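Take a look at the letters that make up each chain.
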Amino acid sequence: MHYLCTPDTFGLYMSQKVLLNAKEVNIILHRLACQLIEKHNDFSNTVLIGLQPRGVFLADRLAKILREDYKVKNIQLGHLDITFYRDDFRRGDKTLAANKTEINFIVEDKNIIFIDDVLYTGRSIRAALTAIQSFGRPNEIELLTLIDRRFSRHLPIQPDYRGRQVDVINNEKVKVNWKEHDDEDSVYLIEK
Amino acid sequence: MSELSVNHLLGIKYLNKQDIELIFKTADHFKEVINRPIKKVPSLRDITIANLFFENSTRTKLSFELAEKRLSADVINFSSAQSSVKKGETLIDTVNNILSMKVDMVVMRHPNPGAGVFLSKHVKASIINAGDGAHEHPTQALLDSYSIREKLGEVKGKKVVIVGDILHSRVALSNIYALQLQGAEVMVCGPKTLLPKYIDKLGVKVETNLRKALNWCDVANMLRVQNERMEINYFPSTREYTQQFGVNKALLDSLDKEITIMHPGPINRGVEITSDVADSKQAIILDQVQNGVAIRMAVIYLLASKIKQ
């Protein structure tokens, strides 16, 4: 592991540590894809739903791997925005800005896999569980996250598929970068 | 930009371009929400909204109430016909009494211009103007622009003519402000008696020939003649008004291009617009109504998020 010291926007020095590099991210994504296939077979009754804003990159990438590397044909992929279901409306200074929801299939009786980059307090997942009910009654819902921040949960929510479990204290932040959006695949631990 | 620059929606005059863009972007998300099997989100479950209608309304009142309920707000309704206003209570007293029941937001329609501004200075609540006399009707103008954006891609550079009773219309004034803010060209068209004297000072074109106006425009927004606000005769007869300023199929078909027809409602069929035009594909009147709910959800959501807990 290597440590870097970079100035942040406030001129304060914060240190960041590489948790996963591009190669490690790639290996983990392939493992997660295989675990999904093991459970869901040909995906005929399973749909992937990436959670906005950052979970959609992981969902898109997993769908691509499943389609191209493992030749799974029936991948249905959606994006779910949870802004209007969050429990912190009016609690912060800023207006919560929404993102796009795109679910162009029926979720009734489907097996849903929620996909997000980092599982922290579990509150986003709680909101997502409420949000998805607006689209119908799924058969079951599972959760896949790339990073599981252990010991920081506010709610009894655990992932069914996890990329890497990390122990992170509260003033540290886990940042997942994606090639499509941030120029590289990597996971950093940022200490403020 | 993820926050409105204002704490109340009193008129388009008080908004900037970024505010309108933010409202439209938020409305896009709500439009998706109201087309789901379950059309409701829990965002405003701790907000109470009072709808105060001191003047008659069908569409606006229903649209606001639906928008509030789709956001899970608690709603109380008030119309002056069955209230203590008739017993002599003042506006501030009426509203303060309602606010003492812990109301966070007030949606108000009032026959007096400036009623919303007045209220915002005297009571502690977020105020949304749902029409104040002949002054402004901001949510109508927002949904009109939003519908143009949806139909034609963008508002900027489009030519919009507002036809009819401009003098008594709050929809016209709010639309002029909103369209100009977004870079559209605006023309007003109607009998001279129904055009305000200094309307050209707002930077709009003025035309009294309907055919010329329609040939110029991309969108025609047809307004109703507001007989209830007229104490004198502004034109000889309804029949003559219709002949000069009514839109019919034959007139539209004789134009060089296909224009979009809008109407804020209520329609007086056969007066400013014939039935075959109102029900044609060129008319986006019912799209306007659907967009009205999404726009009002966006406005209420964005204003409510500024109310401190």
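Now for a quick tour of the structure. (Residues numbered from 1 in each chain as written. Chains lettered and ligands numbered in written order. Predicted model: local features only at pLDDT ≥ 70, side-chain atom pairs only at ≥ 80, totals over all residues. Heavy atoms only, no water.)

Residue and element names in this part refer to chain B. Following the sequence through the fold, Arg170 ends up in helix H6 (residues 170–181). By relative accessible area, which is 8% here, Arg170 ends up buried. Of the polar contacts made by the side chain of Arg170, one reaches the backbone oxygen of Gly133; its length is 3.1 Å. Ignoring any residue separated from it by four or fewer positions in sequence, one finds Arg170 in contact with Glu55, Arg109, His110, Gly131, Asp132, Gly133, Ala134, His135, Glu136, His137 and Arg229. (Helix = DSSP H or I, 4+ residues; strand = E, 2+ residues; numbered from the N terminus. Buried < 20%, exposed > 50% of the residue type's maximum accessible area, 1.4 Å probe, protein only. Polar contact = N/O pair within 3.5 Å; in protein donor to acceptor, adjacent residues only side chain to side chain. Contact = heavy atoms within 4.5 Å.)

This brings us to the sheet that holds strand E1 (residues 48–53) of chain B. Note on sheets: strands pair through backbone hydrogen bonds, and any given pair is parallel or antiparallel. All names here are of chain B. The four strands are arranged E2-E1-E3-E4 in an open sheet whose pairing can be described as parallel. Where the open sheet ends on each side, the last strands, each with one partner, are strand E2 (74–79) and strand E4 (126–132). Going across the sheet, the axis of each strand differs from the next one's by a mean of 15°, ignoring polarity. Sheet topology note: the E1/strand E3 (residues 105–110) ladder contains five bridges and is parallel. Residue Phe53 lies in a different strand from E3, and its bridge partner there is Arg109. (Pairing = 2+ DSSP bridges. Axes fitted to C-alpha atoms, helices over the stretch in contact; angles between N-to-C directions.)

By size, the foremost hydrophobic cluster in this structure holds 67 residues, and its most contacted members are Ile49 and Leu80 of chain A together with Ile23, Phe30 and Leu44 of chain B. The element that contributes the greatest number of residues to this core is helix H11 (residues 285–304) of chain B, accounting for 11 residues. When we break this core down by domain, the ones giving at least three residues each are domain 1 (12–136 + 289–304) and domain 2 (138–288) of chain B. If we skip the residues at most four places from it in the chain, Leu44 of chain B touches Phe89 of chain A together with Ile49, Leu71, Ser72, Ala73, Ile300, Tyr301 and Ala304 of chain B. (Core = buried A, V, L, I, M, F, W, Y, C linked by side-chain atoms within 4.5 Å. Domains from an automatic or database assignment.)

Turning our attention to the sheet that holds strand E7 (residues 161–167) of chain A. All names here are of chain A. Strands sit in the order E4-E3-E5-E6-E7 across an open sheet of five strands; the sheet is parallel. In this open sheet, the two edge strands, each paired with only one partner strand, are strand E4 (76–80) and E7. Taken over all neighbouring pairs, the strand axes of this sheet differ in orientation by 25° on average, direction set aside. Of the strands in this sheet, strand E3 (46–51), strand E5 (111–119), strand E6 (140–150) and E7 touch helix H1 (residues 22–40), which is tilted by about 135° from E7. Contacts from helix H3 (residues 123–132) reach E3, E4, E5 and E6 within the one sheet, and its direction differs from that of E5 by about 155°.

Listed per partner, the contact involves 24 residues of chain B and 20 residues of chain A. Here chain B packs against chain A, burying approximately 2100 Å² in sum over the two surfaces, 51% of which is carbon and sulfur. Linking chain B to chain A there are two salt bridges. Put simply, Arg90 of chain A and Asp46 of chain B hold a salt bridge, and the shortest N to O gap is 3.2 Å. Elements with a contribution of two residues or more to the side of chain B that touches chain A: helix H1 (17–33) and H11 of chain B. Considering each element in turn, the side of chain B that touches chain A owes the most residues, four residues, to H1 of chain B. (Buried area = accessible area lost by both parts, 1.4 Å probe. Salt bridge = Lys/Arg side-chain N within 4 Å of Asp/Glu carboxyl O.)

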